[in-house]
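What follows is the residue order along each chain.
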Amino acid sequence: MTDAHASPVMSAVRMRRLRGSEAMRRLVRETRLHPSQFIWPLFVRSGTGVRTPIGSMPGVSQTSVDELLRDAERAMTAGLGGILLFGIPDTKDAVGSSAWDPHGPVPEAVRAVKREFPDLLVITDVCMCEYTDHGHCGLLTPSGDVDNDATLALLAKEALAHAEAGADIVAPSDMMDHRVAYLRQALDGAGYTHLPIMSYAAKYASAFYGPFREAAESTPAFGDRRSYQMDSANGREALREVRLDVEEGADILMVKPAGAYLDIISAVKRDTRMPLAAYQVSGEYSMIRAAAERGWIDGDRAMMESLVAIARAGADMIITYFALDAAAHLARR
């Protein structure tokens, strides 16, 4: 007769043995974060003493170069992997001519940061949307479409202005076809063969960019960017995009956004084995901030969980507005 209270036959394996304490969990942790993996996006404009908060992005501001230097020092102290600069010009026009102004906000910021903090990695965003009066990422045709090939020459002028200022990496985010090859040829021809290109290789047309457009003052005056940014339903297309960028000479690839595209991050890493960045974009940041402010979630835990997920998917580096806060959290632990 079977004893009703006898223990059932069980496997000797008990997964909970390795979860019983924080020390044990830390010992067997598979994905680890370090401040050197984080890249901090910053928005720079002209003037002095400027620090203008972005309403939809708590804790994020537009700054003048002198104020940005304070942030650069904080990035250095925190041990961040680098900063990514976006410029807000004083004037905009149809061709975005302020983008290659050697005295524009980004070149001035690059020179200032490299002078004061030469060891801090400075990446510059290369795109036209912040500089055009229509808010699109390139030169427009008479019918209002973005002219892919005509835009390439403008991107090259912008990238060269950043290179001449001393940028460590240029990062084209426009999603024009063949822009990596065009920039590589232009940079090499000007003697910048050493300068890496971090390509926004798989950049999706996403609803999660909304707060960024306030920060960068880059909302399109008409239409949207779906004719050049990727359809969120497409995964295989992302692999075609990144393979083309690899062939054209990209040194680092990027997937943007991150949180809703973890499968794409994983597939790109598996397919290319190249250095891979993922951009945790403004909407991802603002949703966590807003929910935390209302007491709906634990903000620090949600921040770190989101970053761990991006790294677990395969990202080697994470562009995030949480960079400084996440570094501080890791230091406390």
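Here goes a summary of the coordinates provided. (Residues numbered from 1 in each chain as written. Predicted model: local features only at pLDDT ≥ 70, side-chain atom pairs only at ≥ 80, totals over all residues. Heavy atoms only, no water.)

Let us look at the packing of aromatic side chains. Taken as a whole and assessed by the stated rule, the structure comprises 9 aromatic pairs. Seen in terms of ring centroids, Phe 43 and Phe 86 are 5.5 Å apart; in terms of plane orientation they differ by 25 degrees. Their pairing is stacked. Taken together, the residues Phe 43 in strand β1 (residues 38-45) and Phe 86 in strand β4 (residues 82-88) connect sequence positions 43 residues apart. For the pair Phe 43 and Phe 86, one class covers both residues: buried. Pairing Phe 43 with Tyr 321 gives two aromatic rings, centres 6.3 Å apart and planes at 5 degrees, and the pair type is stacked. Separated by 278 residues along the polypeptide, Phe 43 in strand β1 and Tyr 321 in the loop between β10 (317-320) and α11 (323-332) bring together distant segments of the chain. Tyr 321 shares its class with Phe 43; the two are buried. (Phe/Tyr/Trp six-rings, centres within 6.5 Å; stacked < 30°, edge-to-face > 60°. Helix = DSSP H or I, 4+ residues; strand = E, 2+ residues; numbered from the N terminus. Buried < 20%, exposed > 50% of the residue type's maximum accessible area, 1.4 Å probe, protein only.)

Below, the discussion takes up the nonpolar core. Core analysis: the biggest nonpolar cluster contains 110 residues, and Phe 38, Phe 43, Ile 83, Met 198, Ile 265 and Tyr 279 have the highest contact counts within it. Considering each element in turn, this core owes the most residues, 9 residues, to helix α4 (residues 148-165). Excluding residues within four positions of it along the chain, Ile 83 makes contact with Ile 39, Trp 40, Leu 42, Ala 75, Val 113, Leu 120, Leu 121, Val 122 and Ile 123. (Core = buried A, V, L, I, M, F, W, Y, C linked by side-chain atoms within 4.5 Å. Contact = heavy atoms within 4.5 Å.)

Functional significance is not addressed by these values, which are geometric in nature.
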